Amino acid sequence: MPIDRIYPVSKMRFNRRFLLWSGLGATIAGVFGREQLKQNALKAEQAKLQQLYDPTQLVQTAFQSDVTSIKDLVAVQQSAKLQLPTIPYNREWSKLLIVGSKLSTQQYLKGQYQPDYDGSISALPLYTKGFTAFQQITSFKAAERVEESIPFEVPLAELTSTPDNLNELGDRVNHTKDAIRNQVKEVVKQQISVYYGFLLTGPAFNLLLFRGTQRQLEWLENLLAIQDNYVNPINGTVMGKVHSGIYNFYSKKLAQSVREAVKALNSPKPLVISGHSLGAALATFAAIDLALVLPEFQPRLQVYTYAGPRLGNKAFVEAHSQLIPNHYRIANLADMIPMLPLSKLLTDDFVHVGEPWSFLSQQGDIMPNHLVETYRQAIEQGAETRSDKGFNNVRLRLS
């Protein structure tokens, strides 16, 4: 029987179309199904990422990190266990000592501008402001690096032959100058001695006083916050870590002359060690050095420091405090120098030593807030107060 009788042509065509569209529909459905699965998987992944990186949570985490950092910085300073002074802070002595810081600056400046100056404080304007009763034992000098330009002329020997034209003359002059620069350099580093302070003996106490920062290089030493081991000069043991720049300067340039001068003192009176800014740092190192090297002086050492930077880690300041408990640290709360170096630098901690006394004098700029005259006026008015807890006009909640 003919096949078209069994399966009519129209029916066969319908079946072929049906199969064709069915296959196409299945293909399209499969494609859309896979895309839908991909979209669902992507949404699920995005949901997971949102849970991990929720913007609100990130903001909260960032703020909590700031709070944690503040807690850590506060904890660094508060972690040191300092000995309480056995003698009360003496404001009358402090008034005299801060004037002495200005006196030491005058000594330095006079030495800079008068080559034959012998360091005598009686020749200084502030000598009559409380120091006439003191006898000067000695002054301390140390090398100070100075950079100076070298003036030079073109040597005539280089121009003995007559040039053909002005351009050739100019070329030869420039060539000669370049040769001189390469051989001699434009800048030479010289070592000159300058005054860093003095030792006095007086009716009530002896006074070892160091001057403050005067030159740019000294500022760089103040800010160079690299730590070295503080080594006991007697037995070589390590007593913590300290500010490398200032410690190395004191130990190499001043320590020996200070020891010899103090050792010659034949007096049972207190030895007060003091200074402003860089002088505060030098006074701190001088005090612990003398306490270790000349233990007979240790019980009568007192230290008054003004506007001093942080100098060492917890181990150092605790050792310092054990040896010299009568250390009073006076700071203007608007002065940034006592805030340096930062409490936490990489793996190094910096902590203040001494019983804190402070006042607030905001003059609107870094230098006026730091100047010794600002400190002198505040202390003259009795503005400094005991400040173990710092200054909190608004109580900071560390939670």
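### Re the pairing of strand β11 (residues 355–359)
Remark: a regular strand shows side chains that alternate across the two faces of the sheet.
Right, so step 1: Extensive coverage of β11 is indicated by the burial of 5 of its 5 residues.
Right, so step 2: Residues E355, W357 and F359 of β11 are buried on one face, and the alternating residues P356 and S358, pointing to the opposite face, are buried as well.
Right, so step 3: Where strand β8 (residues 327–332) lies against β11, 5 bridges are found, and the strand directions are parallel. Bridge pairing in β11 places N332 opposite F359.

### Re a nonpolar patch on the surface
Right, so step 1: A cluster of nonpolar side chains, namely M336, M339, I366, M367 and L371, defines an oily patch on the protein surface of about 430 Å² accessible area.
Right, so step 2: Here I366 shows up in helix α10 (residues 366–370).
Right, so step 3: For I366, a relative accessible area of 43% gives the class partly exposed.

### Quick look at the packing of aromatic side chains
Right, so step 1: Under the defined criterion, the tally for this structure stands at 16 aromatic pairs.
Right, so step 2: On the numbers, 5.1 Å between centres and 85° between planes, the contact of F359 with Y375 is edge-to-face. Taken together, the positions of F359 in strand β11 and Y375 in helix α11 (residues 372–380) put the pair 16 residues apart, joining distant regions of the chain.
Right, so step 3: Owing to a relative accessible area of 0%, Y375 belongs among the buried residues under this scheme.
Right, so step 4: Positioned above the aromatic ring of Y195 is the side chain of K141, whose terminal nitrogen or guanidinium carbon lies 4.7 Å from the ring centre.
Right, so step 5: When the ring centre of F297 is taken as reference, the NZ or CZ atom of R300 above it lies at 4.5 Å.

### Describing the pattern of salt bridges
Right, so step 1: Considering all chains together, one arrives at 6 salt bridges under this definition.
Right, so step 2: Across the salt bridge formed by E373 and K102, the nearest N and O atoms sit 2.7 Å from each other. With a gap of 271 residues between them, E373 in helix α11 and K102 in helix α4 (residues 91–113) connect regions that are remote in the sequence.
Right, so step 3: Overall, the relative accessible area of 25% leaves K102 in the partly exposed class.
Right, so step 4: The salt bridge partner of E355 is R386, with a shortest N-O separation of 3.0 Å.

Parameters and conventions
- Residues numbered from 1 in each chain as written.
- Predicted model: local features only at pLDDT ≥ 70, side-chain atom pairs only at ≥ 80, totals over all residues.
- Heavy atoms only, no water.
- Buried < 20%, exposed > 50% of the residue type's maximum accessible area, 1.4 Å probe, protein only.
- Helix = DSSP H or I, 4+ residues; strand = E, 2+ residues; numbered from the N terminus.
- Pairing = 2+ DSSP bridges.
- Patch = residues over 30% accessible without salt bridge, like charges linked within 9 Å, V, L, I, M, F, W, Y side chains within 5 Å.
- Areas by Shrake-Rupley, 256 points an atom, 1.4 Å probe, with all protein chains shown as cover.
- Salt bridge = Lys/Arg side-chain N within 4 Å of Asp/Glu carboxyl O.
- Phe/Tyr/Trp six-rings, centres within 6.5 Å; stacked < 30°, edge-to-face > 60°.
- Lys NZ or Arg CZ within 6 Å of the ring centre and 35° of its normal.

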